[in-house]
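Reading the structure
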Amino acid sequence: MAKVTQCQSCGMPLDKKTPAGTESDGTLSEKYCHHCYQNGAFTMHLDFDAMYEYNLKRFQASDMNKIQKFFLNKMYTKKFMAKLDRWRN
Ligand SMILES: [Zn+2]
């Protein structure tokens, strides 16, 4: 299985700042970050639109620099989020 490097719920790259979530047996999730997924379950049960708004606010409030935020505002669209595993169906 190819390693997923981007959370398949919120789209954040999985790295040191955004570590992976955990499965119910304590192993690290290969798909989701710790904001979205812990102990084998999603932490937030929002619908697609609410989750999009929530993520956008969260990223903008994070310590990204201006250039990263500029790209975030351009790239982080509903179209982008709809391609992630959690929302694709
Ligand atoms: Zn996430």
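Cut-offs applied
Residues numbered from 1 in each chain as written. Predicted model: local features only at pLDDT ≥ 70, side-chain atom pairs only at ≥ 80, totals over all residues. Heavy atoms only, no water. Helix = DSSP H or I, 4+ residues; strand = E, 2+ residues; numbered from the N terminus. Rg over C-alpha atoms; globule rule 2.2 N^0.38 Å. Areas by Shrake-Rupley, 256 points an atom, 1.4 Å probe, with all protein chains shown as cover. Donors = N, O, S within 2.8 Å, 3.2 Å for Na, K, Ca; no water. Tetrahedral: all angles 85-135°; square planar, octahedral: opposite > 155°, others 65-115°. Buried < 20%, exposed > 50% of the residue type's maximum accessible area, 1.4 Å probe, protein only. UniProt positions renumbered as here; feature names shortened; annotations may be inferred. Phe/Tyr/Trp six-rings, centres within 6.5 Å; stacked < 30°, edge-to-face > 60°. Lys NZ or Arg CZ within 6 Å of the ring centre and 35° of its normal.

- As annotated in an unreviewed UniProt entry, the protein chain carries the name Zinc ribbon domain-containing protein and is attributed to Staphylococcus edaphicus.

With respect to the overall build of the protein chain
- Scanning the protein chain from N- to C-terminus turns up 3 helices and 4 strands.
- By the compact-globule yardstick of 12 Å for 89 residues, the protein chain fits well, its C-alpha radius of gyration being 13 Å.
- Dimensions of the protein chain, computed from the C-alpha atoms along their principal axes, are close to 40 × 30 × 25 Å.
- Split by element, the accessible area of the protein chain, about 6000 Å² in all, is 57% carbon and sulfur.

As for the coordination of the zinc ion
- Looking at the zinc ion, the protein donor atoms are Cys7 (SG), Cys10 (SG), Cys33 (SG) and Cys36 (SG), and they sit 2.3 Å from it.
- In this structure, the zinc ion is surrounded by 4 donor atoms whose angles at the metal cover 106 to 113°, and the resulting shape is tetrahedral.
- Motif for the zinc ion, donor spacing along one chain: C-x2-C-x22-C-x2-C. Residue Cys7 is found in the segment before strand 1 (20-22), and its partner Cys36 is found in the loop between strand 2 (28-33) and strand 3 (37-38); the two are separated by 29 residues along the sequence. An identical accessibility class is assigned to Cys7 and Cys36; each is buried.

Some details on the UniProt feature "domain: Putative zinc ribbon" (unreviewed entry) in the protein chain
- As annotated by UniProt and renumbered to match this structure, "domain: Putative zinc ribbon" (unreviewed entry) occupies residues 7-88.
- Structurally, residues 7-88 comprises 35% helix and 16% strand, and the distance from its first C-alpha atom to its last is 13 Å.

Quick look at the packing of aromatic side chains
- Considering all chains together, one arrives at 8 aromatic pairs under this definition.
- Ring centres of Phe48 and Trp87 lie 5.6 Å apart, and the angle between their planes is 80°; this geometry places the pair in the edge-to-face category. Of this pair, Phe48 sits in helix 1 (residues 48-61) while Trp87 sits in the segment after helix 3 (78-82), and the two are 39 residues apart along the sequence.
- Given the relative accessible area of 22%, Phe48 is considered partly exposed.
- An aromatic cluster is defined as three or more aromatic residues linked by ring pairs; in this entry it consists of Tyr52, Phe59, Tyr76 and Phe80.
- Geometry around Phe42 places Arg86 over its ring, the cationic atom sitting 3.7 Å from the centre.

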